[in-house]
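# Observations on the model geometry
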Amino acid sequence: GGVFFERENQSLMNVDDVKRELGAARLLEIEAIFKEYDTDNSKTITPDELRAILVRIDERATPERVEEIMASADLNADGVVDWNEFLMMVYSSEKAGHETSFAKVYRNVKAMVARG
């Protein structure tokens, strides 16, 4: 758990804290959405996988858009979004009440999955 973010009270929260707070059922729901992105089961979301999901939900998938969305969630700047980064993005956007670019795509993918 080297992924941290600041909450409004300025305390740092790590990914293990987030997992405890969310609980098992919510983690499974978020993991199901993560798997929609992670089509090669590598436990990371690549720019190509993001591009594919953007096409599936009818969002523009220009190289610039993909780069912008990836940057909003790739906390360690390694070029992919791993499970912990994805989880922190979902959690922090829900807690803060505002969405990053990646969180907006997440919401649309979640709706697509719910529709079947």
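Bear in mind that the values here come from a model prediction, so they are computed numbers and not experimental data.

Among the nonpolar cores identified, the biggest contains 32 residues, and Tyr37, Leu50, Phe86, Phe102 and Val105 are the most heavily contacted of them. Of all the secondary-structure elements, those providing two or more residues to this core are helix 1 (15-22), helix 2 (24-37), helix 3 (47-56), helix 4 (63-73), helix 5 (83-96) and helix 6 (101-115). Setting aside anything within four residues of it in sequence, one finds Phe86 in contact with Ile30, Ile33, Phe34, Tyr37, Ile45, Val81, Phe102 and Tyr106.

What follows concerns the packing of aromatic side chains. Any aromatic ring pair is given by two values, namely how distant the centres are and how the planes are angled relative to each other. One pass over the structure, following the stated rule, counts four aromatic pairs. Residues Phe34 and Phe86 carry aromatic rings whose centres are separated by 5.1 Å and whose planes lie at 70 degrees to one another, so their mutual orientation is edge-to-face. Of the two residues, Phe34 sits in helix 2 while Phe86 sits in helix 5, which places them 52 residues apart along the sequence. Neither residue differs from the other here; Phe34 and Phe86 are each classed as buried. Geometrically, the ring pair formed by Tyr37 and Phe86 is edge-to-face, given 5.4 Å between the ring centres and 70 degrees between the ring planes. Residue Tyr37 is located in helix 2, and its partner Phe86 is located in helix 5; the two are separated by 49 residues in the primary sequence. Taken individually, Tyr37 and Phe86 each receive the classification buried, so the pair is uniform in this respect. An aromatic cluster is defined as three or more aromatic residues linked by ring pairs; in this entry it consists of Phe34, Tyr37, Trp83, Phe86 and Tyr106.

What follows covers the confidence of the model for the protein. With 87% of its residues at a pLDDT of at least 70, the protein reaches an overall mean of 84. Here strand 1 (residues 4-6) stands out as the element of the protein with the lowest mean pLDDT, 48, in contrast to strand 3 (residues 44-45), whose mean of 96 is the highest. Ignoring residues within four places in sequence, the model shows residues 5-11, a span with pLDDT below 50, making 12 contacts including any to other chains.

The rules we used
- Residues numbered from 1 in each chain as written.
- Predicted model: local features only at pLDDT ≥ 70, side-chain atom pairs only at ≥ 80, totals over all residues.
- Heavy atoms only, no water.
- Core = buried A, V, L, I, M, F, W, Y, C linked by side-chain atoms within 4.5 Å.
- Buried < 20%, exposed > 50% of the residue type's maximum accessible area, 1.4 Å probe, protein only.
- Helix = DSSP H or I, 4+ residues; strand = E, 2+ residues; numbered from the N terminus.
- Contact = heavy atoms within 4.5 Å.
- Phe/Tyr/Trp six-rings, centres within 6.5 Å; stacked < 30°, edge-to-face > 60°.
- pLDDT = per-residue confidence, 0-100.

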